Amino acid sequence: MLEGAEDAVGTASGMAAFLAVSFALLQQGDHVLLAEGIFGTTTRLYAGYLHKFGVATTVVKVSENADWRGALRPETKMIVVESPTNPVMLVADLPFLASLARANGALLVVDNTLCTPIFQQPIALDADLVIHSAGKYIDGQGRCGGGVVAGRAELIAEVRGVLRTAGPSLSPFNAWIFLKSLETLPVRMRAHDANAARISAWLADRDDVRAVHFTGSPTHPQKDLVAAQQSGHGGLVSFELFGGQPESWAFIDSLRLVSNTTNIGDTKTMITNPATTTHGRLSDQERRAAGVAPGLLRLSVGLEDVRDILADLDRAFRVVRGGRFAGFQ
Ligand SMILES: *Cc1c(COP(=O)(O)O)cnc(C)c1O
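Just so you know, these numbers come straight off a predicted model, no measurement behind them. Counting restarts for each chain: residues are numbered from 1 in the order of the written sequence. Reporting of local features is limited, given that this is a predicted model, to residues whose pLDDT is at least 70; pairs of side-chain atoms are given and counted only at 80 or more, and all residues count toward the totals for whole chains, interfaces and linings. Hydrogens and water are ignored here; the side-chain numbers use all heavy atoms of the structure.

Notes on the overall build of the protein
Then, number 1: For the protein, the helix and strand inventory stands at 12 helices and 12 strands.
Then, number 2: Taken against the 2.2 N^0.38 rule, which gives 20 Å for 329 residues, the C-alpha radius of gyration of the protein at 20 Å falls within 12% of a compact globule.
Then, number 3: What makes two residues a contact is simply this: any of their non-hydrogen atoms within 4.5 Å. Intrachain contacts of the protein at a sequence separation of at least 6 include 73% that bridge at least 24 residues.
Then, number 4: Only the protein chains shown count as covering a residue, and every accessible area follows the Shrake-Rupley method with a 1.4 Å probe. Looking at the protein as shown, the accessible area adds up to about 14,100 Å², and 52% of this sits on carbon and sulfur atoms.
Then, number 5: In summary, the charge assignment counts Lys and Arg as positive and Asp and Glu as negative, without counting His or the chain termini. For charged residues, the charge sits on one atom: NZ in Lys, CZ in Arg, CG in Asp, CD in Glu. Of the side chains in the protein, 30 bear a positive and 33 a negative charge, and the two mean positions are spaced by 4 Å. Helical segments are the DSSP runs of H or I of at least four residues, strand segments are the runs of E of at least two, and each set is numbered from the N terminus. As a reference, a globule follows 2.2 Å times the number of residues to the power 0.38, and the radius of gyration itself is taken over C-alpha atoms.

Next up, the structure:
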């Protein structure tokens, strides 16, 4: 199996995967540790809904191992992380969290949607369960929704029981699309990765960009951990403009090829302003804590010719600076 897991099961969506895992393996009185900056809906599922059934959650900064240790309680039964998180692309120390979970009788659940098993295999790093939103890179063309849970057979049997009983199963047609898509996943991921590396380096060289976030960047704050856990990086690159939100909106409006979409993992390059989309429901303080600046832009770099993507970005930089677009070589 791609994830190196004993068993896996498809679900109706990525969120259905989290729901099924939680219904199967948590009960009233349990406590869950969630990494800060993970997919907003995942946080809402735990803090907003599972909370009603007596499951408490604490949010922890993903890169701070001491904070994870400090937040642990005797009743902590699950640690939920994404690695890397987006848009700021911080990584979780997966072997550390796996040992912390194990010593406490808890499970480490890793959302591996961004890296896919092509670039990261959390089970080999001792995670208990891996979750995917399959409508992202696994489908790769934004056609179908679905999810995956992979892990030890005894855990997957519990998850399968919830899926059968509660209903959020994967549709057979979507399953067929995903199986076809898996045939091209390795070549697609390497192509996303190559385009993203080129674009991230181009952005990092510009003096009108305040910061660039990409796990493959030579200046990534957790460079060694990234190298130990990931064999590649995928297509997610974020960058911050000096002009804040007005400039980032003007930038998006000036693009012609790159589409203004909050999705990720498509063949097409997409851009969004996380502060007003994916992280729009957070308070200013929560956004600041998650490192989501008003002028931050997140790119999901696609499979177009990289020169076309760079030309489009260059056009937008020229427009927001009041210059004229003169083409790109
Ligand atoms: C999209 C996404 C999800 C949710 O998946 P759905 O299939 O949309 O329910 C979970 N985690 C990550 C990292 C995602 O990008």
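Moving on from the model shown.
Some details on the pattern of salt bridges
Then, number 1: Think of a salt bridge as a Lys or Arg side-chain nitrogen and an Asp or Glu carboxyl oxygen that are within 4 Å of each other. Across all of its chains, the model carries 15 salt bridges by this definition.
Then, number 2: Salt-bridge contacts for Arg160 lead to Asp7; the nearest nitrogen and oxygen are separated by 3.2 Å. Placement of the pair is Arg160 in helix H6 (residues 153–166) and Asp7 in strand E1 (residues 7–11), with a sequence separation of 153 residues.
Then, number 3: Only protein chains enter the accessibility calculation, which uses a 1.4 Å probe. A residue is then buried if its area is under 20% of the maximum for its type, exposed if over 50%, and partly exposed in between. When its relative accessible area of 29% is taken as the criterion, Arg160 is described as partly exposed.

What about the sheet that holds strand E6 (residues 129–133)?
Then, number 1: As summarised here, the arrangement of the seven strands in space is E1-E7-E6-E5-E4-E2-E3, forming an open sheet in which the pairing is mixed. In this open sheet, the two strands that pair with only one neighbour each are E1 and strand E3 (56–60). Each adjacent strand pair in this sheet contributes to an overall mean axis angle of 20 degrees, direction not counted.
Then, number 2: Judged from the five bridges that link them, E1 and strand E7 (residues 147–151) form a sheet pairing that is antiparallel. Following the sheet pairing, Val9 is matched in E7 by Val149.
Then, number 3: Across the sheet, H6 touches E1, strand E5 (107–111), E6 and E7, and the angle it forms with E1 is around 20 degrees. By definition, two strands form a pair when at least two bridges between them are found by DSSP. Angles here are taken between N-to-C directions and fall from 0 to 180 degrees, while the axes themselves are lines fitted to C-alpha atoms, restricted in helices to the stretch in contact.

Describing the side chain of Thr113
Then, number 1: With respect to the helices, strands and loops of the structure, Thr113 is situated in the loop between E5 and helix H5 (116–119).
Then, number 2: Classification of Thr113 by relative accessible area gives buried; the value is 6%.
Then, number 3: Pairing of N or O atoms within 3.5 Å defines a polar contact, subject to two protein rules: one partner must be a possible hydrogen donor and the other a possible acceptor, and residues neighboring in sequence count only if both atoms are side-chain atoms. There is a polar contact of 2.6 Å between the side chain of Thr113 and the side chain of Asp111.
Then, number 4: Discounting chain neighbours no more than four positions away, the residues touching Thr113 are Ile131, His132, Ser133, Lys136 and Tyr137.

Here we look at the site of the ligand
Then, number 1: We call a residue near a molecule or strand whenever a single non-hydrogen atom of that residue lies within 4 Å of it. The ligand sits among Ser13, Gly14, Met15, Phe39, Glu82, Asp111, Thr113, Ser133, Lys136, Gly146 and Ile264.
Then, number 2: Backbone polar atom of Gly14 to an oxygen atom of the ligand: 2.7 Å apart, as the coordinates give it.
Then, number 3: Between Ser133 and the ligand, the recorded distance is 2.8 Å, taken from a side-chain N or O atom to an oxygen atom.
Then, number 4: Across the complex, the protein chains shield 86% of the 380 Å² of accessible surface that the ligand would expose by itself.
Then, number 5: Cavities and pockets were defined on a 1 Å grid built from protein atoms only: a cavity is a group of points that admits a 1.4 Å probe but offers it no way out, a pocket is an open group of points flanked by protein on both sides within 12 Å along at least five of seven lines, and a lining residue is one with an atom within 4 Å of any such point. In this description, a molecule resides in a pocket or cavity if more than half of its atoms sit within 2 Å of the grid points defining it. For the ligand, the cavity whose grid points lie within 2 Å of the majority of its atoms is the largest pocket.
Then, number 6: As a working rule, the residues Ala, Val, Leu, Ile, Met, Phe, Trp, Tyr, Cys and Pro are called nonpolar, Asp, Glu, Lys and Arg charged, and the rest polar, with Gly in that last group. A per-class count over the shell around the ligand returns three nonpolar, five polar and three charged.

Some remarks on the environment of Gly29
Then, number 1: Within the secondary structure, Gly29 sits in the loop between helix H1 (14–25) and strand E2 (31–35).
Then, number 2: By relative accessible area, which is 46% here, Gly29 ends up partly exposed.
Then, number 3: As for Gly29 and His51, which are separated by 22 residues in sequence, their C-alpha atoms are 9.8 Å apart.
Then, number 4: Discounting chain neighbours no more than four positions away, the residues touching Gly29 are Gly54 and Glu75.

Some words on the environment of Leu2
Then, number 1: In this fold, Leu2 is placed in the segment before E1.
Then, number 2: You can call Leu2 partly exposed: its relative accessible area is 39%.
Then, number 3: If near-sequence neighbours (up to four positions away) are discounted, Leu2 is found in contact with Pro117, Ile118, Gln121 and Leu182.

Observations concerning helix H4 (residues 94–103)
Then, number 1: For H4, every residue scored as buried is listed here: Leu94, Phe96, Leu97, Ala98, Leu100 and Ala101.
Then, number 2: Those residues of H4 hidden inside the fold are in contact with helix H3 (65–71), strand E4 (76–82), E5 and helix H9 (223–229).
Then, number 3: Phi for Gly105, located one or two positions after H4, is positive at around 70 degrees.

Comments concerning the confidence of the model for the protein
Then, number 1: The predictor reports its confidence for every residue as pLDDT, a score running from 0 up to 100. Summing up the model confidence of the protein, the mean pLDDT is 95 and the portion of residues at 70 or higher is 98%.
Then, number 2: This model gives residues 325–329 a pLDDT under 50, and the stretch forms 11 contacts once residues within four places in sequence are excluded.

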